[in-house]
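# Per-entry structural report
So you can see what is in the structure, the chains are spelled out below.
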Amino acid sequence: MHHFTYRDGELFCEDVAVSEIAAQFGTPLYIYSSATLERHYRVLSDAFAGQSCLIAYAMKANSNQAVLATLAKLGSGADVVSGGEMRRALAAGIPASRIVYSGVAKSKPDIQAALKAGIHQFNVESLPELHRLSEIASEGGHTASIAFRINPHVEAGGHANISTGGAEHKFGIAWHEAKSFYAQAADLPGIQIVGVDVHIGSQITDLTPMRLAFEKVVGLVREMRAEGLPISRIDLGGGLGIPYREGETPASPAEYASMIREVLGDLDVELILEPGRMIAGNAGIFVSRVEYIKERDDREFAILDAGMNDLMRPALYQAVHELRPVRMDPARSSRTYDVVGPICESTDRFAKGYSVPELREGELVAFMSAGAYGAVMSNQYNTRPLCAEVLVRGNQSALVRRVPTFEEIIASETVPEWLTS
Ligand SMILES: *Cc1c(COP(=O)(O)O)cnc(C)c1O
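Read on for a plain summary of the structure. Worth saying up front: this structure is predicted, and the values here are computed from it rather than measured.

## Notes on unusual backbone geometry
Between threonine 27 and the following residue, proline 28, the backbone shows a cis peptide bond with an omega angle of -5 degrees. Examined against the element boundaries, proline 28 turns out to sit in the loop between α1 (18-25) and β4 (29-33). Positive phi, close to 55 degrees, is recorded for glutamine 318, a residue that is not glycine. Within the secondary structure, glutamine 318 is located in the loop between α11 (313-317) and β16 (323-325). The phi dihedral of serine 369 falls on the positive side, at around 55 degrees, and the residue is not glycine. Along the chain, serine 369 falls in the loop between β19 (364-367) and β20 (388-393). For serine 369, a relative accessible area of 7% puts it in the buried group.

In structure tokens, the structure reads:
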């Protein structure tokens, strides 16, 4: 569900015409819908009413301050994967008590900062990390609440590059070592064991592998409790998929939630969820202008003013985002295009042989479902400035990331003295 709809053939975000936003702020640009973000958050929070549940939004999906502030107002926490993300979360008003910290390479300064802030939980991914955390915490007089991220040896995810729960993946500790690691953690200073964590992949559309992994985790928690380990929390990660193309029907958030309730059964536990894509994915679109239509050999290329530096998912995961004209003209019939950008790379292609109503030079197109893993991955390759981001709420729109000037981009670099004298 989202709030991008056509009114008299014009694409709107909530009550604002996309073409108006593009005219005001230029293209390419991301547009986010507040109502959609809020709706997705509430679907989950409502489903777990009556159950202790922290929704720690996986902010790597979209960490814009305005998006975070929108979710913070609803009571959202954050799952962060770097010290930088923690600072963003705090700056947007998400309290440290709702922040969990995941990631395989937590640095000493980042750990120190997180301890000082007093975050809710560290999701520990290895023994060396546990020992580093214990050392830093005890030196500073802190106690780190920890969960081990368990690798359940369950493969899932919408693409090989976003599967994380298999034995070959760098994430988490081995399933069979879990109990021994917990026993070691119990004896370490500065460490308080609180939970078990799992996250098996992303864009998961079928609940079966998730259920399998979650059942394993619940089983482990029951065993460890029986052995006297005080496990009070279960963190089930994120990973629920969203529809990217019309006709796709991934498991819904409601089905996901009821599966979790079933798996938890009567287990008395504080639940943590780390949804990313399911909150932000369909809450954003990416808007671009057609620069040229180029015919060559037996192909037609729709060349856009947006490139893989702005939206990387097609190049990185062979993802296809539904492409829609911003103004729908019923008189136009469908044509087939290779939809490409301006970057000097062959991977700078959004879709191959893609069928849409005929496109013309100068008109606007929108990539749907671009709210997650879109703007956050953008970069300035080919010295294309980071594109703008706009947040809409009802009939209001606001620029929430401005485009840097070329002067700013160049000023961040310096030429050494030996070249200038
Ligand atoms: C990426 C990530 C998530 C969010 O995944 P989505 O598929 O966007 O829900 C949650 N937890 C961890 C540890 C992650 O790395």
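## Some remarks on the packing of helix α2 (residues 34-47) against helix α3 (residues 65-73)
Where α2 meets α3, the closest approach of the two axes is 10 Å, and the angle between their N-to-C directions is 45 degrees. The orientation of α2 relative to α3 falls into the category oblique. Crossing angle aside, the handedness with which α2 passes α3 is right-handed. Where α2 approaches α3, its residues Leu37, Glu38 and Tyr41 are matched on the opposing element by Val67, Thr70 and Leu71. Here the contact of α2 with α3 is composed, by residue class, of 4 nonpolar, 1 polar and 1 charged.

## Re the site of the ligand
Around the ligand sit 14 residues in total, of which Lys60, Ser202, Glu274, Arg277 and Tyr373 are the nearest. Within the side chain of aspartate 79, a nitrogen or oxygen atom sits 3.3 Å from a nitrogen atom of the ligand. Contacts to the ligand include tyrosine 373, whose side-chain N or O atom sits 2.6 Å from an oxygen atom. Here the ligand loses 94% of its free accessible area of 390 Å² to cover by the protein chains.

## Digging into the pattern of salt bridges
Counted under the stated rule, the structure contains 22 salt bridges. Of the charged contacts, one joins arginine 296 and aspartate 297 as a salt bridge, the two residues approaching to 3.0 Å between their closest N and O atoms. Owing to a relative accessible area of 69%, aspartate 297 belongs among the exposed residues under this scheme. Here glutamate 389 ties to arginine 401 by a salt bridge, and the two come within 3.0 Å at their closest N and O atoms. With glutamate 389 in strand β20 and arginine 401 in strand β21 (residues 396-401), this residue pair connects regions lying 12 residues apart in the sequence.

## Remarks on the sheet that holds strand β2 (residues 10-13)
If you trace the 3 strands from one edge of the open sheet to the other, you get β1-β2-β3, paired in antiparallel fashion. Each of the sheet's edge strands pairs with one partner strand only, and the pair in question is β1 (4-7) and β3 (16-17).

## What about the environment of serine 52?
Mapping serine 52 onto the fold places it in the loop between α2 and β5 (53-58). For serine 52, a relative accessible area of 41% translates into the label partly exposed. A sequence separation of 23 residues divides serine 52 from glycine 75, and the C-alpha atoms of the two residues are 13 Å apart. Other than its neighbours up to four places away in sequence, serine 52 contacts Val269, Glu270 and Leu271.

## A few points about the nonpolar core
In terms of nonpolar packing, the biggest core is built from 106 residues, with Phe122, Ile146, Phe148, Phe214, Tyr256 and Ile260 touching the most fellow members. Here this core takes 9 residues from helix α8 (residues 207-226), the largest share from any one element. Shared between two domains, this core holds at least three residues of each, these being domain 1 (4-31 + 282-411) and domain 2 (103-273). Ignoring sequence-local partners within four residues, the contact set of phenylalanine 122 consists of Tyr101, Lys106, Ile111, Ala114, Leu115, Leu133, Ala144, Ser145, Ile146 and Ala147. In terms of nonpolar packing, the next biggest core, distinct from the first, is built from 18 residues, Phe4, Ile31, Ile285 and Val326 among them.

## Things to note about helix α4 (residues 83-91)
For α4, the complete set of buried residues consists of Gly83, Glu85, Met86 and Ala89. Down the axis of α4, the buried set is contained in an arc of 155 degrees. They therefore lie on one face. Residues of α4 that are buried make contact with α3, β6 (77-80), β7 (99-101) and α5 (108-117). Backbone geometry just downstream of α4 places glycine 93 in the positive-phi region, at approximately 95 degrees.

## Looking at the pairing of strand β13 (residues 270-273)
Here 3 bridges tie β5 to β13, and the two strands are oriented parallel to one another. Residue pairing across strands places isoleucine 55 opposite leucine 273, the latter belonging to β13. Relative to β13, strand β12 (residues 233-235) runs parallel, the two being bridged by 3 bridges. For arginine 233, the partnering residue across the bridge sits in β13 and is glutamate 270. As for the winding sense of the linkage, the β-α-β connection from β12 through helix α9 (residues 253-264) to β13 is right-handed.

What counts, and at which threshold
Residues numbered from 1 in each chain as written. Predicted model: local features only at pLDDT ≥ 70, side-chain atom pairs only at ≥ 80, totals over all residues. Heavy atoms only, no water. Helix = DSSP H or I, 4+ residues; strand = E, 2+ residues; numbered from the N terminus. Buried < 20%, exposed > 50% of the residue type's maximum accessible area, 1.4 Å probe, protein only. Axes fitted to C-alpha atoms, helices over the stretch in contact; angles between N-to-C directions. Parallel < 35°, antiparallel > 145°, perpendicular 65-115°, else oblique. Left-handed = near helix turned anticlockwise from the far one by under 90°. Contact = heavy atoms within 4.5 Å. Nonpolar A, V, L, I, M, F, W, Y, C, P; charged D, E, K, R; others polar. Near = heavy atom within 4 Å. Polar contact = N/O pair within 3.5 Å; in protein donor to acceptor, adjacent residues only side chain to side chain. Areas by Shrake-Rupley, 256 points an atom, 1.4 Å probe, with all protein chains shown as cover. Salt bridge = Lys/Arg side-chain N within 4 Å of Asp/Glu carboxyl O. Pairing = 2+ DSSP bridges. Core = buried A, V, L, I, M, F, W, Y, C linked by side-chain atoms within 4.5 Å. Domains from an automatic or database assignment. Arc of directions from axis to C-beta. Right-handed = clockwise from strand over helix to strand, strands pointing away.

Such coordinate-based values are descriptive only and should not be taken to indicate function.
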